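What follows is each chain in one-letter form.
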Amino acid sequence: MTNLLARFFGDSASGITLTDKIATGYASLNGSAVCVIGTVEGTYINDAAALLLSAQVLDCIESKPGMPIVMLVDSAGQEPNRTAEMLGLPFYFGHLLTCLEVAREAGHKLVTVATGKAIGGAFLCYGMFADAIYALDSASLGLMPVEAMSAVTKIPVATLQELSKTLPALEFGAGPFALLGGVMEVWPTDDSLPAKLSAAIDAATTEDTRALLGKERGGRPQALDVQQRVLAESAA
Amino acid sequence: MSRVPYHELKARERIAAIVDPGSFSEIIPPPERVMSAYLPKLGIPVAFDDGIAIGRASIAGKPLYLAAQVGQFVGGSVGEVHSAKLVGLLKSAARDRLPCVFLVESGGVRLHEGSSGEIGIAEAIRAVFDCRAAGAPTIAVIGSDIGAYGGMGILSACCDFRLMTEHGRIGISGPIVIEKWMGKEAFDSSNRALVWKTSGGKTRFLLGDAEALVNDSTDAVRDGILSLLSRSAKPDLAFVKARQKFLQERLDTFGKTPDPDAIWAALGIRDVAAATLAEASEFVESFAPKKP
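Residues numbered from 1 in each chain as written. Chains lettered and ligands numbered in written order. Predicted model: local features only at pLDDT ≥ 70, side-chain atom pairs only at ≥ 80, totals over all residues.

Undergrad: Can you walk me through the overall build of chain A in this structure?
TA: A count of helices and strands for chain A gives 11 helices and 9 strands. Relative to the compact-globule value of 18 Å for 236 residues, chain A shows a C-alpha radius of gyration of 18 Å, a close match. Dimensions of chain A along its principal axes, counting C-alpha atoms only, are 50 × 45 × 40 Å. Of all 236 residues assigned to chain A, the portion counted as buried reaches 58%. A sequence separation of at least 24 residues applies to 66% of the contacts in chain A between residues at least 6 apart. (Helix = DSSP H or I, 4+ residues; strand = E, 2+ residues; numbered from the N terminus. Rg over C-alpha atoms; globule rule 2.2 N^0.38 Å. Buried ≥ 20, exposed ≤ 12 C-beta atoms within 10 Å, placed from the backbone. Contact = placed C-beta atoms within 7 Å.)

So, in structure tokens, the structure goes:
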């Protein structure tokens, strides 16, 4: 994992602290300082993890005005735990998202790179909230693997696999997720990563373009049209 | 007060019972047949509204946008069209600076549409914050047996306010998933009392996650919505710093307390058994500590 951080941030990756597979800190990217929050090694995310990440976002807003925030995602999902649910897990995740929104409004750019697993609630609770979202080609993005989908929906795995050839929403991975507009671009894991991430931060805007991309790329053909139709009819 | 139980009603019945008579104007109503492209390919029946009714209405003359999820259709789950209706509604509310009310009844992302609904919920969460930035209050009403789970639990937690009944539940992983994962000794999903004390309205109100807890009647829900309509809480740094401290203290205090009754007692409920049986209004007035 430290290898991956070093790929992006070189020696400055030493400024990133790993606490129970939760990454927080500051590092240098192509000569510019960035704030880093993330998950590593496919860890499950829980209430304590969300608070570690939000604390880093708050520290960045207070002490590093306008500094871009890079979100790295490698998490298999939220931890299914009754005590965490009782303490209000959605509210810990909602708080993390609210902190990120306060950062966005204060002028911090938010850019996500899905580096490993980016699954379900663990992706929703911070990474998918970025201005711009990217993924490594080796990353596993999606709601859940077809085997798990089959177990819950009772639809045979073979049927889901066959359908996923024409419905990228059912397929797991960075490429299909990009077809849906969920990531802007898929990156190979090579030496160009720091330059690519740096350029991505420069290019990021606060406009959510995912529905447009999903339509252009054909993976999510209905979303944009329905959104726009509602907006048009509500204005009438 | 009318005693029509909110939780027993279907989506459009809830809307009719809550808004001013005849005020609901549905956007993309069922005759338009804007529906899922996925379900027919999986051999699953479609709904002409994709499981959600959205539109404009008024309550006590105050205009607002409103969505009601249809729990009877694939658990109120959020697919591509369903989420796009939510996003369009939220963006309309932000544009017009009008309140946006969700009558939530959803287990979360529709598994049959995979990542499509997941991205749709992520878009809807961003649009919730568009509303908050515009000063358009967002209110999640959680009073159905299905509750607000998965991505809809997260979205509901991002709204300005949550109005709950004791029938309502909010969470991310549901009891059956946790039981499968952690074992029956960790969470017996057939233990209804424990399920509701874990994620139900009373516990959420006590912990401060639901701003209002009301009786399970359409009148009480309408009055509750009305009391929240004119307020809006745009989040700023001071707000999230206070929240950070509050949630950290909660975790430090109760992170190793699996017994909900112990949490109720620690939060100032003197007679837990009586409070458990009390109706929501009685619970708020006579059992729960007074909010400052």
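Alright, that's what it looks like, and here's the rest.
Undergrad: For this particular structure, what's the right way to read the sheet that holds strand β2 (residues 52-59) of chain B?
TA: Pairing between sheet strands relies on hydrogen bonds along the backbone, with the strands arranged either parallel or antiparallel. Residue and element names in this part refer to chain B. The strand order across the open sheet built from 7 strands is β1-β2-β3-β4-β5-β6-β7, with neighbouring strands paired in mixed fashion. The open sheet has two edge strands, β1 (25-27) and β7 (212-213), and neither has a second partner. The pairing of β2 with strand β3 (residues 62-69) spans 8 bridges and is classified as antiparallel. Residue pairing for β3: S58 is matched across the bridge by P63. (Pairing = 2+ DSSP bridges.)

Undergrad: I'm lost on helix α9 (residues 193-203) of chain A in this one. Help?
TA: The periodicity of an α-helix, 3.6 residues per turn, causes residues three or four places apart in sequence to face the same way. Residue and element names in this part refer to chain A. Listed as buried for α9 are L193, L197, A200 and I201. Looking straight down α9, one finds that the buried residues subtend no more than 100° of arc, so they occupy a single side. Exposed residues on α9 whose side chains face more than 90 degrees from its buried face are A195, A199, D202 and A203. (Arc of directions from axis to C-beta.)

Undergrad: How should I be thinking about the packing of helix α6 (residues 146-153) of chain A against helix α7 (residues 157-164) of chain A in this particular structure?
TA: Relative orientation and spacing of two packed helices are given, respectively, by the angle between their axes and the distance between those axes. Residue and element names in this part refer to chain A. Closest axis-to-axis distance for the α6/α7 pair is 9 Å, and the angle between their directions is 125°. With respect to α7, the axis of α6 lies oblique. Where α6 crosses over α7, the two elements pack in a sense that is right-handed. Contact with α6, carried on its side by V146, E147, M149 and S150, involves V157, L160, Q161 and S164 of α7 and no other residues of that element. Considering only residue class, the contact of α6 with α7 consists of 4 nonpolar, 3 polar and 1 charged. (Axes fitted to C-alpha atoms, helices over the stretch in contact; angles between N-to-C directions. Parallel < 35°, antiparallel > 145°, perpendicular 65-115°, else oblique. Left-handed = near helix turned anticlockwise from the far one by under 90°. Nonpolar A, V, L, I, M, F, W, Y, C, P; charged D, E, K, R; others polar.)

Undergrad: What exactly am I supposed to notice about the interface of chain A and chain B here?
TA: By convention, interface size is frequently given as the accessible area that disappears when the constituent parts associate. In this complex, chain A contributes 61 residues to the contact, which on the side of chain B involves 73 residues. Secondary-structure elements contributing two or more residues to the side of chain A that touches chain B are α2 (47-63), α3 (82-86), α4 (89-105), α5 (120-124), α6, α10 (210-216) and α11 (223-235) of chain A. A per-element tally of the side of chain A that touches chain B places α4 of chain A first, with 13 residues. Among the residues forming the side of chain A that touches chain B, the class breakdown is 35 nonpolar, 16 polar and 10 charged.

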